[in-house]
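Coordinate analysis (summary)
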Amino acid sequence: MLRGLLPRQTAQIEERYTAHRLDLAEDREALLAQVAPRITAIVTSGELGCSAELMDRLPRLEMISCFGVGVDGIDLAYCKQRGIPVSNTPDVLTEDVADLAIGLTIATMRRIVAADRFVRAGSWQNGPLPLATRLAGKTAGIIGLGRIGKAIAKRAEAHGLNVVWHGRHDQPDVSWPRRPDLVAMAREVDLLVVACPGGPATRGLVSREVLSALRPSSFLVNISRGSVIDEPALVEALVAGKIAGAGLDVFADEPNVPAPLLDLPNVVLTPHIGSATEETRDAMAQLVVDNLDAHYAGRPLLTPWRFD
Ligand code: 8YV
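All of these numbers come straight from a predicted model, not from anything done at the bench.

Moving on: the domain arrangement of the protein chain. Its domain assignment divides the protein chain into domain 1 (7–92 + 277–296) and domain 2 (94–269). Summarising the inter-unit geometry, the C-alpha centres of domain 1 and domain 2 are found 31 Å apart. Counting residues at the interface gives 10 residues for domain 1, matched by eight residues for domain 2. Summed over both sides, the interface of domain 1 with domain 2 buries roughly 650 Å², with 40% coming from carbon and sulfur. Where domain 1 packs against domain 2, one counts two salt bridges. The shortest N-O distance in the salt bridge between Arg147 and Asp91 comes to 3.9 Å.

What follows concerns the layout of surface pockets. Taken as a whole, the second largest pocket holds about 420 Å³ of empty space. The wall of the second largest pocket is formed by 21 residues, among which Met1, Thr18, His20, Ile39 and Ala41 lie closest to the centre. When contributions to the lining of the second largest pocket are tallied by element, the ones reaching two or more residues are α2 (28–35), β1 (41–45) and α12 (278–296). Class assignment for the residues of the lining of the second largest pocket results in 17 nonpolar, three polar and one charged.

In this section: the nonpolar core. Counting 44 residues, the largest nonpolar core has Leu5, Ile142, Ile152 and Ile223 as the members making the most contacts within it. Tallying contributions element by element places helix α5 (residues 94–109) first for this core, with eight residues. The residue makeup of this core includes at least three contributed by each of domain 1 (7–92 + 277–296) and domain 2 (94–269). If we skip the residues at most four places from it in the chain, Ile223 touches Val97, Leu100, Ala101, Leu104, Ile148, Ile152, Val194, Ala195, Asp249 and Val250. If you look at the next biggest cluster of nonpolar residues, it comprises 30 residues, including Val183, Leu192, Leu234 and Leu264.

The environment of the ligand is made up of 14 residues, and the closest members are Glu47, Val69, Gly70, His272 and Ser275. Here Arg281 contributes a side-chain N or O atom positioned 3.0 Å from an oxygen atom of the ligand. Contact with the protein chains hides 94% of the accessible area of the ligand, taken as 330 Å² for the molecule alone. Grouping the amino acids of the shell around the ligand by side-chain chemistry returns four nonpolar, six polar and four charged.

Those residues of helix α10 (residues 231–239) lying buried are Glu231, Ala233, Leu234, Val235, Ala237 and Leu238. In this structure, the buried side of α10 is in contact with α9 (208–213), β7 (219–222), β8 (245–248), α11 (259–262) and β9 (267–269). Two residues or fewer past α10, Gly241 is found with a positive phi of approximately 70°.

The next subject is the pairing of strand β5 (residues 162–166). Buried residues dominate β5, accounting for four of its five residues. Bridging between strand β4 (residues 139–143) and β5 involves five bridges; their strand directions are parallel. When the bridges of β5 are listed, Ile143 appears paired with His166. You can see the chain leave β4, run along helix α7 (residues 147–158) and come back into β5, and the turn it takes is right-handed.

Cut-offs and rules
- Residues numbered from 1 in each chain as written.
- Predicted model: local features only at pLDDT ≥ 70, side-chain atom pairs only at ≥ 80, totals over all residues.
- Heavy atoms only, no water.
- Domains from an automatic or database assignment.
- Contact = heavy atoms within 4.5 Å.
- Buried area = accessible area lost by both parts, 1.4 Å probe.
- Salt bridge = Lys/Arg side-chain N within 4 Å of Asp/Glu carboxyl O.
- 1 Å grid on protein atoms, 1.4 Å probe; cavity = no way out; pocket = protein on both sides within 12 Å on 5 of 7 lines; lining within 4 Å.
- Points joined across faces, edges and corners; volume = space filled by probe spheres on them.
- Helix = DSSP H or I, 4+ residues; strand = E, 2+ residues; numbered from the N terminus.
- Nonpolar A, V, L, I, M, F, W, Y, C, P; charged D, E, K, R; others polar.
- Core = buried A, V, L, I, M, F, W, Y, C linked by side-chain atoms within 4.5 Å.
- Buried < 20%, exposed > 50% of the residue type's maximum accessible area, 1.4 Å probe, protein only.
- Near = heavy atom within 4 Å.
- Polar contact = N/O pair within 3.5 Å; in protein donor to acceptor, adjacent residues only side chain to side chain.
- Areas by Shrake-Rupley, 256 points an atom, 1.4 Å probe, with all protein chains shown as cover.
- Pairing = 2+ DSSP bridges.
- Right-handed = clockwise from strand over helix to strand, strands pointing away.

So this is what it looks like as structure tokens:
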């Protein structure tokens, strides 16, 4: 285990299997040297992933159970080549992550966090907060219309936003119009929401060019992975006022957040909490255990990651 889960599910694993906690080891090298030849499964998370270097040291490794839907931190090419299946935790977190995307959108466009600071600082005594931006009637462009992207689109519509989206493939069952050209979509939208998976295929997708195509009145929200955005270019755009604001739950080098963002009043920052509710984390942790159980019982994984 590269980390614990929730206490209930960590206990289940410890009862059913011989579990070694790499995160709690005083000397990780010593623990690895001792147990590596016997390890048959790894429990990891979206953030921690799993390197080829680590897997290379585990000759009997049979599967990886990931606490999180995003498996971009896991060396998937290596897993594919060695035939190591990976499970993740889709569906159970969709609604929460979509809620956070909309929460960040409203918090940023309506300046809820700045308003809270304004009241606490006693500034209300001196007059009203400057006006914010209405959501209804604006256009949201969602990058990645998977499960989470769709849940965001539904919510965005309920808030009166027009929805367009960018993704690699057409989706015939979807009524929201697709925009194959991301730069052109950035020019069109008032709000860009990043909801695609991380990993090599989307690294830097929201490039300097895409960011420059946004208008000074446009906002950006990211609940996906920091790697999808050219972060230095985003920081520059925000500092220079080239975009109106951003709501960011994920960063390129967590838990480090670029220092200039900390001083910007038009940016709302959260510490990667898209799935961080009691209910969802419980369901995610249970899926991690259930996938391990399925594997060891010789049954198909419940939620296998589908390799390309
Ligand atoms: C984390 C996430 O995995 O699901 C994902 O891809 O990024 C999150 O849910 C979660 O924080 C567990 O570490």
